[in-house]
Amino acid sequence: MFKGQYNHSVDAKGRIIMPAKFREILGEEFVVTKGMDGCLFVYSNEEWENIENKFRNVSSANKDARKFMRFFFAGAADCEVDKQGRVLIPPKLREYAGLQKEVVLAGVGNRIEIWNTENWQENEFDDMDEIAEHMADLGLMI
């Protein structure tokens, strides 16, 4: 499971440093794709395979399912860590998430999220009490 928050910069070539704690779990190769809320999702190859298997059972007759699959899978890219621990984020994905200079890498359970720092800061957490109540309704309590 991924946890923790790290702040890094995007270099001139579009690379970011992947924290060592995350690399231990991810391995050398993994998948980066468009995420929700304007960030990128990073999955280990093992987790990506689990996601692909779940979508194999989704009917292509469902218009929303087709649309979501296009968004999620067409935006995906295989990435790898170089010897300096950096990852080259493809230009289309950097553009989607607005990654220009400063980024936040957040461990979120089965994935890593990569955020433009400004967008991360705007993603207010001041309504967590209300959200926690909704999570309890789903059977998720901490």
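Residues numbered from 1 in each chain as written. Predicted model: local features only at pLDDT ≥ 70, side-chain atom pairs only at ≥ 80, totals over all residues. Heavy atoms only, no water.

### Here's the deal with the overall build of the protein chain
Working step 1: Counting its secondary structure elements, the protein chain contains six helices and eight strands.
Working step 2: The order of helices and strands in the protein chain, counted from the N terminus, is β-β-α-β-β-α-α-β-β-α-β-β-α-α.
Working step 3: Taken against the 2.2 N^0.38 rule, which gives 14 Å for 142 residues, the C-alpha radius of gyration of the protein chain at 16 Å falls within 12% of a compact globule.
Working step 4: Counting only C-alpha atoms and orienting by the principal axes, one finds that the protein chain spans roughly 45 × 40 × 25 Å.
Working step 5: Burial analysis of the protein chain (142 residues in total) assigns 36% to the buried set.
Working step 6: Of the roughly 9,300 Å² that the protein chain leaves accessible, carbon and sulfur atoms contribute 50%.
Working step 7: Each charge class in the protein chain was averaged separately, 18 positive and 25 negative side chains, and the resulting centres sit 9 Å apart. (Helix = DSSP H or I, 4+ residues; strand = E, 2+ residues; numbered from the N terminus. Rg over C-alpha atoms; globule rule 2.2 N^0.38 Å. Buried < 20%, exposed > 50% of the residue type's maximum accessible area, 1.4 Å probe, protein only. Areas by Shrake-Rupley, 256 points an atom, 1.4 Å probe, with all protein chains shown as cover. Lys, Arg positive; Asp, Glu negative; His and termini not counted. Charge placed at Lys NZ, Arg CZ, Asp CG, Glu CD.)

### Structural notes on the packing of aromatic side chains
Working step 1: Here the structure, examined in full by the defined rule, presents 15 aromatic pairs.
Working step 2: Between the aromatic rings of Phe41 and Tyr43, the centroid separation amounts to 6.1 Å while the plane-to-plane angle is 90°, which identifies the pairing as edge-to-face.
Working step 3: Their ring planes at 45° and their centres at 6.3 Å tell us that Phe68 and Phe71 sit as a pair that is tilted. Within this pair, Phe68 and its partner Phe71 are both found in helix α3 (residues 63-74), separated by three residues, close to a single helical turn.
Working step 4: The residue whose ring lies beneath Arg111 is Phe41, and the NZ or CZ to ring-centre distance is 4.2 Å. (Phe/Tyr/Trp six-rings, centres within 6.5 Å; stacked < 30°, edge-to-face > 60°. Lys NZ or Arg CZ within 6 Å of the ring centre and 35° of its normal.)

### Notes on the side chain of Ser44
Working step 1: On the secondary structure map, Ser44 appears in strand β4 (residues 40-44).
Working step 2: Owing to a relative accessible area of 12%, Ser44 belongs among the buried residues under this scheme.
Working step 3: At 3.1 Å, the side chain of Ser44 forms a polar contact with the backbone nitrogen of Glu47.
Working step 4: Once residues lying within four places of it in the same chain are set aside, the contact partners of Ser44 are Ile25, Leu26 and Phe30. (Polar contact = N/O pair within 3.5 Å; in protein donor to acceptor, adjacent residues only side chain to side chain. Contact = heavy atoms within 4.5 Å.)

### Side note on the confidence of the model for the protein chain
Where the model shows low pLDDT, its predicted coordinates should not be examined in detail.
Working step 1: Summing up the model confidence of the protein chain, the mean pLDDT is 92 and the portion of residues at 70 or higher is 97%.
Working step 2: Mean pLDDT across the secondary structure elements of the protein chain bottoms out at helix α6 (residues 128-137), with 77, and peaks at β4, with 98. (pLDDT = per-residue confidence, 0-100.)

### Digging into the pattern of salt bridges
Working step 1: One pass over the full model with this rule turns up three salt bridges.
Working step 2: Its salt-bridge partner being Arg86, residue Asp82 comes within 2.8 Å of it at the nearest N-O pair.
Working step 3: Note on Arg86: relative accessible area 22%, which makes it partly exposed.
Working step 4: Linking Arg111 and Glu113 is a salt bridge whose minimum nitrogen-to-oxygen distance equals 2.8 Å. (Salt bridge = Lys/Arg side-chain N within 4 Å of Asp/Glu carboxyl O.)

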